[in-house]
Amino acid sequence: MASGIKDKVVILGMGCTEFGERWNMSSDMLMVEAFGEALSDAGIEKNMIGAAWLGSALDDVNVGNSAIPLATALRLQNIPVTRVENMCATGTEALRGAVYAVAAGAVDIAMALGVEKLKDTGFGGLPIRTKGTVNDLWMPYGSAPGTFAQLAGAYQAEHSIKAEDLKRGMAHVSWKSHQNGALSPKAHLRKPVDMDTIVNAPMIADPLGLYDCCGVSDGAACAIVTTPEIARSLGKALDELVAVKALQICTSHGWESQYGEWDGASVRNTQVAASRAYREAGIKDPRDDISVTEVHDCFSITELVTMEDLGLSDAGRAVFDYLDGRYDHDGAIPAQVDGGLKCFGHPVGASGLRMAYEVYTQLLGRAGQRQLRKVNFGLTHNLGGQPSNSVSSVSIFGKL
Amino acid sequence: MADNRLLAVSGYLPLLRFDRKVARSELRWSGLGGSERGFRAVAAWDEDALTMAVEAARGVIGKTEPGSIIFASTSSPFTDRSMAGVMIDALQLSPGAMAQDVSGSRRAGVSALLKALLSGSSELVAAGEKRAALPGSGPHMTFGDGAAAALTGPGEGIARLVGWATVNADLLDFVTSAERGLPYEAEARFVRDEAVSAIYVPTISAALEKAGIAATDITHAVVPEPTAGTYAAVAKALGLKASNPCEEIAAKAGDLGAAMPLFGLALALDRAKPGEKLLLAGFGNGCDVLVLEVTGQSGGSAAAALAQGAVLSSYSRLLNLTGQIALDWGPRAEVNQKVSASTLLRHGRDVHGFVGGRDAAGNVQFPKTPIPVRPDASGPEAYQDVILRDVPATIVSITADRLNFTPDPPFYFGLVQFENGARVAMEHCDVEGKTPEVGAALRMRFRVKAIDRQRQFRSYFWKAAPAKRPNLPVEG
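Think of each chain on its own: its residues are numbered from 1, step by step along the sequence as written. Written order decides the labels, with chains lettered from A and ligands numbered from 1. Local features in this predicted model are restricted to residues of pLDDT 70 or higher, and side-chain atom pairs are both shown and tallied only at a pLDDT of 80 or more, whereas totals for entire chains, interfaces and linings draw on every residue. In computing side-chain values, all of the structure's heavy atoms are included and hydrogens and water are not.

**Q** Describe the pairing of strand S13 (residues 286-294) of chain B, listing the residues and the values that go with them.
**A** All names here are of chain B. The classification of residues rests on relative accessible area computed with a 1.4 Å probe and restricted to protein chains. Under 20% of the type maximum is buried, over 50% is exposed, and intermediate values are partly exposed. Secondary structure is summarised from DSSP: a helix means a run of H or I of at least four residues, a strand means a run of E of at least two, and numbering begins at the N terminus for each. Among the 9 residues that make up S13, 9 are buried, leaving the element largely enclosed by the rest of the structure. Burial along S13 is two-sided: Gly286, Asp288, Leu290, Leu292 and Val294 facing one way and Cys287, Val289, Val291 and Glu293 facing the other are all buried. As defined by bridge partners, strand S8 (residues 159-168) adjoins S13 across 9 bridges and the pair is classed as antiparallel. Note on S13: the bridge partner recorded for Leu161 is Leu292. What makes two strands pair is DSSP finding at least two bridges between them. Taken together, the 7 bridges between strand S12 (residues 277-283) and S13 define a ladder with antiparallel strand orientation. Looking at S13, one finds that Ala281 is bridged to Val289. Joining the antiparallel neighbours S12 and S13 is a turn of 2 residues, in which Gly284 adopts a positive phi near 155°.

So, in structure tokens, the structure goes:
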């Protein structure tokens with residue numbers, strides 16, 4: 001019987017670059033920057049790392065395929081380095097590889113690094129990719145906002161929510177993230193935006209306006225992990241050990257997009273991954289136990305529906321919970337306290353690790369002016385692909 | 001005469017009707033713009049001569065399985081790819097049916113119909129037209145996009161051939177060369193006079209004589225006009241009293257080229273009564289004239305197509321839809337849409353025909369996958385083919401995407417739920433104005449899926465359209 005990952009692996013050190021339009025930085029420079037901070041935080045030598053995972057979602061944009069770009073950038077000599085790609089869950093997937101390797105006893109210390117250099121595409125938003133020669137014959141070429149906007153209409157219809165209430169609820173999601181981003185020194189967007197501006201922004205994909213969408217950024221984030229015992233032997237105090245409590249990923253198998261049951265108003269992969277993660281972490285009531293979340297707010301509607309899929313809001317109520325301030329910085333369960341994808345930024349392969357970085361920072365009380373008063377468990381969530389065909393990850397971190 | 005009859009006839013028009021007054025107004029400074037009377041039918045960016053012909057053919061198939069499929073057009077999107085062959089796949093007709101593309105003259109559709117009626121075998125003739133013309137030219141306004149189809153075969157049918165005649169004359173009312181690709185017109189007065197005296201009057205007389213029918217007995221005369229006033233002069237010369245549906249079509253939708261006479265025939269047979277006599281002419285470098293006796297009625301598709309649609313009042317959008325303006329769509333339009341020939345051969349018949357599969361437990365899905373999507377399916381299963389094109393469907397989710405490139409924004413897409421259980425992520429078409437709502441009824445349309453602009457290739461698939469079209473203003 002599998003015993004799960006809880007408390008088997010701790011974070012030895014983390015690093016995260018400033019996210020944004022890093023015009024003067026290439027992917028190898030971003031990798032070096034994030035790694036340098038993580039290595040310093042871990043307090044170890046590079047040659048103590050036994051294996052590494054590279055997360056990079058879009059190999060056609062400046063990073064290149066295979067794990068060689070990471071091994072080359074950091075000059076990781078003669079260790080196994082693996083590249084993983086699982087759309088927007090890529091960073092978390094890289095972390096999962098490193099954590100599993102340590103938990104399995106295959107290596108003492110492992111590293112996960114996610115990076116993306118998106119601002120070299122020459123245009124805003126994600127690059128346009130084909131879906132393969134067969135799917136391109138019939139599958140729609142929708143943009144990311146277009147695929148996630150589908151969630152909004154179906155959610156509105158399923159819960160009989162007025163269009164104006166949904167619009168305001170979504171606007172509050174983005175308003176809150178802009179407020180938080182302003183307190184986050186490494187965030188891409190650090191400017192508060194008022195509700196009227198958000199609500200009246202140009203439409204990108206009905207009903208998502210400009211401010212309902214996160215931008216894309218350049219950036220990298222890195223985690224170095226080991227066992228609690230090794231961490232202690234390296235001089236880490238017990239109260240500065242942040243442990244992995246759960247790491248769950250759930251992947252679509254076609255049910256949503258091809259089988260006629262899904263209502264389109266929720267993301268089942270998130271529901272399943274969350275349920276497994278709570279069980280793995282031993283969390284009975286997430287509304288009481290989860291102190292902070294960093295969820296995949298690629299679009300405001302995604303964050304809003306995710307709170308229901310995580311069980312933090314009742315079905316059909318997240319709109320009103322947001323408007324009541326439940327997920328604000330001073331709310332019951334603060335979300336996106338570093339600004340989230342919306343304002344901290346979204347270099348796809350790095351995002352899962354950036355979320356872990358913020359939770360780690362909050363758990364260690366290092367978050368400066370955005371530091372939360374009491375942090376018990378922190379949850380991170382990624383949603384790759386689109387609601388109808390997705391990869392969803394839910395991870396939970398807490399003190400050992 | 002062979003006892004082979006017209007079994008069914010159908011007409012199709014694209015949704016949009018451009019108000020010619022708008023062009024006249026926009027081009028007033030230049031003195032160009034052509035007639036300002038009436039409307040012209042404008043194909044969507046993802047419609048071409050083939051897709052419209054397929055839509056028209058959907059209105060006639062099912063009565064009998066045709067042994068021969070003929071696609072007629074002077075604006076076929078390919079010069080060496082059998083459009084009739086793609087049509088066979090789109091309509092899921094027998095791959096063993098004879099496929100033939102006919103072209104070279106607007107007469108091609110009527111010539112093919114005449115041969116089909118004389119052949120004694122069941123044939124499908126589908127004509128579609130989406131012709132290019134330069135802004136400011138007469139044809140840019142007088143041409144219309146559309147299609148029509150006719151099915152022949154043994155049986156009572158809706159009409160039988162009682163006489164015919166043909167004449168060839170290299171009258172260049174306009175000519176479109178391969179090199180120029182655009183129509184070049186002769187003087188209208190010359191065209192009208194010669195079309196009347198050298199072509200129509202002697203050929204119609206000969207056909208009526210063969211049929212043993214007096215001109216005054218004709219109740220509907222489907223006579224495409226190379227220029228306005230032609231039919232009035234023909235009727236005066238021959239004593240024809242019948243109305244000409246082509247005049248109405250030209251005013252409301254434009255000259256449909258190879259599809260014009262067949263569309264006119266469909267419209268006439270929407271209105272004619274059994275026993276009445278019809279005249280059907282195909283015009284272009286001569287003419288073919290058929291005299292038909294009505295034995296039944298067609299299904300009303302042509303009349304409905306003329307009455308339903310949406311008015312297009314933007315001249316720049318017309319220029320875009322007719323390929324007469326080069327807009328810079330930015331880097332998002334640079335996506336590589338190359339189609340793999342081997343993939344197309346492997347999956348094309350299912351994709352073109354929208355063929356899903358019913359798995360061993362009865363669940364329907366598209367596309368067929370080695371292991372069914374049904375949650376309790378554990379291994380590969382055999383499927384029974386299920387054609388989805390006519391299955392009622394509704395919207396599960398939809399959006400109007402304004403970010404990704406599409407030639408006529410916004411880009412509508414989402415999940416579609418079919419009544420038989422199949423669920424498919426699809427592009428939408430024919431949406432004007434407000435985004436349709438979740439739960440709205442849909443019907444499927446055969447469309448261009450994507451255009452590979454680097455290689456000038458296009459692929460085809462089905463898209464979801466609102467189940468019903470709005471009615472046009474009465475004057476439209």
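**Q** Can you tell me about the pairing of strand S23 (residues 457-466) of chain B, naming the residues and giving the values?
**A** The side chains of a regular strand alternate, first on one face of the sheet and then on the other. Burial analysis of S23 of chain B places 7 of its 10 residues in the buried class, which makes it a mostly covered element. Hairpin geometry of strand S22 (residues 441-452) of chain B and S23 of chain B is characterised by an intervening segment of 4 residues between the two adjacent antiparallel strands and by a positive phi of about 55° at Gln456 of chain B.

**Q** Residues and numbers for the sheet that holds strand S17 (residues 384-387) of chain B, please.
**A** One open sheet accounts for 3 strands, arranged S16-S15-S17 (chain B); its pairing is antiparallel. The open sheet is flanked by strand S16 (364-365) and S17 of chain B, the only strands paired with a single partner.

**Q** I'd love a proper account of the side chain of Thr361 of chain A, names of residues and values included.
**A** Residues and elements named next belong to chain A. Relative to the assigned elements, Thr361 resides in helix H14 (residues 348-363). Thr361 gets classed as buried once you look at its relative accessible area, which sits at 7%. In this structure Thr361 touches Arg366, Ala367, Arg370 and Gln371, once residues within four positions along its chain are discounted. Residues are treated as being in contact if the distance between any of their heavy atoms lies within 4.5 Å.

**Q** Go over the nonpolar core, please, and point to the residues and values.
**A** Counting 76 residues, the largest nonpolar core has Met87, Leu124, Phe354, Leu388, Phe418 and Met444 of chain B as the members making the most contacts within it. Ranked by the residues each element gives to this core, the list is headed by helix H2 (residues 49-58) of chain B, at 7 residues. Domain start and stop points were drawn from an automatic or database domain assignment. Residue-level mapping places this core at the junction of two domains, with at least three residues from each of domain 1 (5-321) and domain 2 (331-466) of chain B. By nonpolar core is meant a set of buried Ala, Val, Leu, Ile, Met, Phe, Trp, Tyr and Cys residues that side-chain atoms within 4.5 Å join together. If you look at the next biggest cluster of nonpolar residues, it comprises 47 residues, including Val267, Val319, Tyr322 and Ile333 of chain A.

**Q** With reference to specific residues and values, describe the domain arrangement of chain B.
**A** Residues and elements named next belong to chain B. Splitting chain B by domain gives domain 1 (5-321) and domain 2 (331-466). Contact residues are listed per partner, giving 30 residues for domain 1 and 27 residues for domain 2. As a working definition, buried area equals the accessible area (1.4 Å probe) given up by two parts on being put together, with both sides summed. Between domain 1 and domain 2, a total of about 2,500 Å² is buried, with carbon and sulfur atoms accounting for 50% of that surface. Per-residue buried area on domain 1 facing domain 2 is highest for Trp45, Arg58 and Gln92; these three make up 29% of the total on that side. Whenever a carboxyl oxygen of Asp or Glu lies within 4 Å of a side-chain nitrogen of Lys or Arg, that contact is scored as a salt bridge. Between Arg58 and Asp390 there is a salt bridge whose closest N-O contact spans 2.7 Å. Of all elements in the fold, only H2, helix H3 (83-90) and helix H11 (315-321) reach the threshold of two or more residues within the side of domain 1 that touches domain 2. When its residues are assigned to classes, the side of domain 1 that touches domain 2 shows 19 nonpolar, 3 polar and 8 charged. Put simply, Ala, Val, Leu, Ile, Met, Phe, Trp, Tyr, Cys and Pro go in the nonpolar bin, Asp, Glu, Lys and Arg in the charged bin, and everything else, Gly too, in the polar bin.

**Q** Hey, could you go over the domain arrangement of chain A for me, with residue numbers and the actual values?
**A** All names here are of chain A. Under the domain assignment used here, chain A contains domain 1 (10-121 + 218-243) and domain 2 (144-214 + 245-399). The gap between the C-alpha centroids of domain 1 and domain 2 is 24 Å. Facing the 45 residues of domain 1 at the interface are 36 residues of domain 2. Counting the surface domain 1 buries against domain 2, the share from its top three residues, Phe19, Cys88 and Thr92, is 22%. At the junction of domain 1 and domain 2, the tally comes to 3 salt bridges. Identification of polar contacts relies on pairs of N or O atoms within 3.5 Å, with a donor-acceptor requirement for protein atoms, meaning one able to donate a hydrogen and the other able to accept it, and with residues adjacent in sequence counted only if both atoms are side-chain atoms. Linking domain 1 with domain 2 are 13 residue pairs in polar contact (both at pLDDT 80 or more), by the criterion used here. Breaking the side of domain 1 that touches domain 2 down by element, the ones donating at least two residues are strand S1 (10-16), helix H1 (27-42), helix H3 (90-103), strand S4 (109-117), strand S7 (218-226) and strand S8 (242-251). Top element by residues in the side of domain 1 that touches domain 2 is H3. It accounts for 8 residues. Taken together, the residues of the side of domain 1 that touches domain 2 break down into 23 nonpolar, 12 polar and 10 charged.

**Q** I'd love a proper account of the side chain of Arg81 of chain B, names of residues and values included.
**A** All names here are of chain B. Within the secondary structure layout, Arg81 lies in the loop between strand S4 (68-72) and H3. We treat Lys and Arg as the positive residues and Asp and Glu as the negative residues; His and chain ends play no part in the count. Buried and unpaired, Arg81 has no salt bridge, with Asp89 as the nearest side chain of opposite charge at 7.7 Å. From its side chain, Arg81 meets the backbone oxygen of Arg458 in a polar contact 3.3 Å long. With residues near it in sequence (within four places) discarded, Arg81 still touches Val86, Asp101, Leu344, His352, Phe457, Arg458 and Tyr460.

**Q** Describe unusual backbone geometry, with residues and values.
**A** Following Asp206 of chain A, the chain continues into Pro207 of chain A via a peptide bond in cis, with omega recorded as 0°. Going from Phe366 of chain B to Pro367 of chain B, the amide bond is cis rather than trans, its omega being -10°. With respect to the helices and strands, Pro367 of chain B occurs in the loop between S16 and S17. In the Ramachandran plot, Gln92 of chain B falls in the positive-phi region, its phi being about 55° despite a non-glycine side chain. Relative to the helices and strands, Gln92 of chain B is located in the loop between H3 and strand S5 (98-102). Although it is not a glycine, Asp430 of chain B sits at a positive phi angle of roughly 60°. Tracing the backbone through its elements, the reader meets Asp430 of chain B in the loop between strand S21 (423-427) and S22.

**Q** Which residues make up the packing of aromatic side chains, and what are the values?
**A** In this description, a pair of aromatic rings is defined by centroid distance and the angle of the planes. When two rings of Phe, Tyr or Trp (its six-membered ring) have centres within 6.5 Å they constitute a pair, described as stacked for plane angles under 30 degrees, edge-to-face for angles over 60, and tilted for the intermediate range. Within the structure shown, the criterion is met by 17 aromatic pairs over all chains. Ring centres 5.6 Å apart and planes at 65° place the aromatic pair Trp329 of chain B and Phe405 of chain B in the edge-to-face group. Here Trp329 of chain B is found in the loop between H11 and helix H12 (341-353), whereas its partner Phe405 of chain B is found in the loop between strand S19 (399-401) and strand S20 (411-418), with 76 residues between them in sequence. Using a relative accessible area of 32% as the deciding quantity, one classes Trp329 of chain B as partly exposed. Look at Phe405 of chain B and you get buried, because its relative accessible area is 16%. The structure contains a cluster of three or more aromatic residues connected by ring pairs, namely Trp138 of chain A together with Phe354, Phe366, Phe418, Phe446, Tyr460, Phe461 and Trp462 of chain B. In this analysis the charged atom, NZ for Lys or CZ for Arg, is taken to sit over a ring once it is within 6 Å of the ring centre and within 35 degrees of the ring normal. Above the plane of the ring of Phe78 of chain B lies Arg81 of chain B, whose end atom (NZ or CZ) is 4.9 Å from the centre. Sitting over the ring of Trp164 of chain B, Lys210 of chain B keeps its end group 4.3 Å from the ring centre.

**Q** Please provide a residue-by-residue account of the interface of chain B and chain A, values included.
**A** Residue-level contacts link 45 residues of chain B with 41 residues of chain A. For chain B, the biggest contributors to the area lost against chain A are Arg332, Val373 and Arg423 of chain B; these three give 18% of the whole. Scanning the region where chain B abuts chain A turns up 1 salt bridge. Close ionic contact of Arg402 of chain B with Asp206 of chain A constitutes a salt bridge, the shortest N to O distance being 2.9 Å. Scanning the region where chain B abuts chain A turns up 19 residue pairs in polar contact (both at pLDDT 80 or more).

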